[in-house]
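# Chain and residue survey
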Amino acid sequence: MSLARLSRGASLPAGVAAPGYAPEAHGVGIVHLGLGAFHRAHQAVYTDAALAAEGGDWRIAGASLRSRAPADELSAQDGRYTLIERHPEGPRARVIGSIARALHAGSDAAALRAALLAPETRIVSLTVTEKGYGIDRRTGGADRADPVVAQDLARPDAAEGVLGRLVDALAARRAAGIAPFAVLSCDNLPHNGATVRGAAIDFAAARDPALGAFVAREVAFPSTMVDRITPARTEATLADAQRLTGYRDLAAIETEPFSQWVVEDAFPAGRPAWDRGGAVFVRDVAPYEAMKLTMLNGAHSLIAYTGVVAGFALVRDAMAEPAMRELVARHLSAAAATLDPVPGIDLARYARDLLARFENPHIAHKCAQIAMDGTEKMPQRILAPALKAMRAGQPVRPFAFALAAFMRFALARDDDGAAYAISDPRADAMDAAAASAGDAAVLAQRLHGIGALGDSPLREDPLWMASVTAILQEMLERPMRAVIAAEAERG
Ligand code: CS2
């Protein structure tokens, strides 16, 4: 029996929470770009709680940017889906009703544009991954070398990229006298609101300087820190959804019990009562964001690169290796030492909680999933705290170790010699650099020069480069597991 029946009055078994409101009675107020598992495990859940607590016309029209499948799966179920939370005592299911419509950006382009132009749309939120925006991290502007950005600048009325679609909609609203929406980037970019704002202003100004000035003056880009570990769904996810709810659910997703959302409260046209779902509104998100990017995400990248090479398939497998766990704990304290105080947060406790989250035996989070797009992630996760540590005279070795692991990963062969694919927008440059595997110093220099990795002043720092090169040399000579053991021994 399909979950679609729920919107026609069918009921759920006891123990499975249903939306605490009548979804179809609420209008759409948000357009969301990027309908993947993370959105469904995070913002859509907070919106579901907000609708239950305070109502309002805040349902979501979501658009999947790449594949059609998520849009089809959700549409077939009137937007309903099962959220499975993997608790220690067993999985818990809840049906979410906040998604009103699910579109595919490519084939439903006109419907998506209409939703972006609708006066009722007061927020456009995004989870499109770091690389999905087409931002030139060096200039902070739109990346003219990105083919989609270049195409959208040439044909603004047929935009296919994220910046192009946002700016096209803002321009059309301005022309029609409709107030702009707030743009809420929920990706792990440094200063996500300000970063996307800078690129959107640049893109708009390239079309028309007055439009650039309008975006700068009139459009809010609140920053936000989002957190919930959400592995890609598997057959087990779908089987559990069916077992727990009694319905076949093609759009089910699974996630951890923990969830955190810190948002800058800058929504000129209003927002859902996300605080009723546990979101925290603050004036300045920066300290929370730095904490999460450098501690959680930095440690994640360390685990992912060592893990893929050493043959730990899952984060929890790596954590089960005592030496690896020690290196993760070492990384967390080095990252914490670079942070300014974070209001209301005890960083030692945050680090302990992270270790437990990574160890969660019920979450099957693949190292290979986290290892994707390293050239987009390493600058803010590893190089930014490393630079702070270097300048403050604090230990940098944990960061050098994580970067060296990324470099070893770039060789695309694990300790057993098995090849794996590298999924990264700069995979070609990584592959070209890997030809220097015979010389750790050259390999390190070349890989450190790719994309935003090349923008870090650390690349010019002989001490840093010597440290990275020495660790990489070891990783080239010995199996990763042996290097991990020796490194943990070293402390
Ligand atoms: C992970 C994140 O894949 C990755 O790069 O580090 O997706 C991480 O799981 C989330 O940011 C957790 O909130």
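Residues numbered from 1 in each chain as written. Predicted model: local features only at pLDDT ≥ 70, side-chain atom pairs only at ≥ 80, totals over all residues. Heavy atoms only, no water.

## A closer look at empty space enclosed by the protein
Definition in use: Within this scheme a cavity is a closed region of a 1 Å grid, computed over the protein atoms alone, that accommodates a 1.4 Å probe without allowing it to escape, whereas a pocket is open but has protein on both sides within 12 Å along at least five of seven lines; lining residues each have an atom within 4 Å of a point. Grid points are joined across faces, edges and corners, and a volume is the space filled by probe spheres set on the points. To qualify as a helix, a DSSP run of H or I must reach at least 4 residues; to qualify as a strand, a run of E must reach at least 2; elements of each kind are numbered from the N terminus. Lys, Arg, Asp and Glu make up the charged group, whereas Ala, Val, Leu, Ile, Met, Phe, Trp, Tyr, Cys and Pro make up the nonpolar group; the residues left over, Gly among them, are polar.
Enumeration over the complete set of coordinates arrives at three cavities of 30 Å³ or more. In this structure, the largest cavity encloses a volume near 70 Å³. If you go around the largest cavity, the residues you meet are Ile229, Glu256, His300, Val315, Arg316, Arg357, Phe358, Asn360, Ile363 and His365. For the lining of the largest cavity, the secondary structure elements donating two or more residues are helix H11 (315–319) and helix H13 (347–359). Per-class residue counts for the lining of the largest cavity are four nonpolar, three polar and three charged. Reported here for the second largest cavity is a volume of approximately 40 Å³. Considering the residues around the second largest cavity, the lining is formed by Asp187, Asn188, Leu189, Asn192, Thr224, Met225, Val226, Glu289, Lys292 and Leu293. Of all the secondary structure elements, the ones that give two or more residues to the lining of the second largest cavity are strand E8 (224–227) and helix H10 (286–310).

## Comments concerning the pattern of salt bridges
Between side chains of opposite charge, a pair can form when the charged atoms approach closely. The line we're drawing: Definition used for salt bridges: Asp or Glu carboxyl oxygen within 4 Å of a side-chain nitrogen of Lys or Arg. Think of it in three bands: residues with accessible area under 20% of the maximum for their type are buried, residues over 50% are exposed, and the middle band is partly exposed, with areas taken using a 1.4 Å probe on protein chains only.
Within this structure, the stated rule accounts for 29 salt bridges. A salt bridge links Glu54 to Arg276; its shortest N-O distance comes to 2.9 Å. In this pair, Glu54 sits in helix H2 (residues 43–54) while Arg276 sits in the loop between strand E10 (260–264) and strand E11 (280–282), placing the two residues 222 residues apart along the sequence. Among the salt bridges present, the one from Asp168 reaches Arg113, with a minimum N-O distance of 2.7 Å. With a gap of 55 residues between them, Asp168 in helix H6 (residues 162–176) and Arg113 in helix H4 (residues 109–117) connect regions that are remote in the sequence. For Arg113, a relative accessible area of 34% corresponds to the partly exposed category. Beyond isolated ion pairs, a larger network of salt bridges with shared partners links Arg86, Asp240, Arg243 and Glu254.

## Quick look at the packing of H6 against helix H7 (residues 192–207)
As a reminder of what qualifies: Axis definition: a line fitted to C-alpha atoms, limited for helices to the stretch in contact. Angles are taken between N-to-C directions and run from 0 to 180 degrees. Whether a crossing is left-handed or right-handed is set by the direction in which the near helix is turned from the far one by less than a right angle, anticlockwise for left-handed and clockwise for right-handed. The contact definition used throughout considers only heavy atoms, calling two residues in contact when any of these lie within 4.5 Å.
Interhelical geometry of H6 versus H7 gives an angle of 65 degrees and a closest axis separation of 10 Å. Of the two possible hands of crossing, H6 and H7 adopt the one that is right-handed. Of H7, the residues touching H6 (which contributes Leu163, Gly164, Val167, Asp168 and Ala171) are Ala199, Ala200, Phe203, Ala204 and Arg207. Tallied by class, residues from the contact of H6 with H7 come to seven nonpolar, one polar and two charged.

## Quick look at the side chain of Glu487
We count it as follows: Pairs of N or O atoms are called polar contacts if they sit within 3.5 Å, as long as, within protein, a hydrogen donor faces a hydrogen acceptor (for residues adjacent in sequence, only side-chain-to-side-chain pairs).
Position of Glu487 relative to the elements: it lies in helix H20 (residues 480–490). Engagement of the side chain of Glu487 in a polar contact is seen with the side chain of Arg397, the distance being 2.7 Å. Those residues within four positions of Glu487 in sequence are excluded, and the remaining contacts are Leu327, Arg330, Arg397 and Phe401.

## Quick word on the site of the ligand
Threshold: Residue proximity to a molecule or strand is established when one non-hydrogen atom of the residue lies within 4 Å of it. In short, Shrake-Rupley with a 1.4 Å probe defines the accessible areas, and a residue's cover is counted only from the protein chains shown.
Near the ligand the following residues occur: Asn188, Val226, Asp227, Arg228, Lys292, Asn297, His300, His365, Ile370, Lys377 and Arg381. Arg228 places a main-chain nitrogen or oxygen 2.9 Å from an oxygen atom of the ligand. Arg381 has a polar side-chain atom sitting 2.8 Å from an oxygen atom of the ligand. Relative to its free-state accessible area of 340 Å², the ligand is covered by the protein chains to the extent of 87%. Considering each element in turn, the shell around the ligand owes the most residues, three residues, to H10. In terms of residue class, the shell around the ligand is made up of two nonpolar, four polar and five charged.

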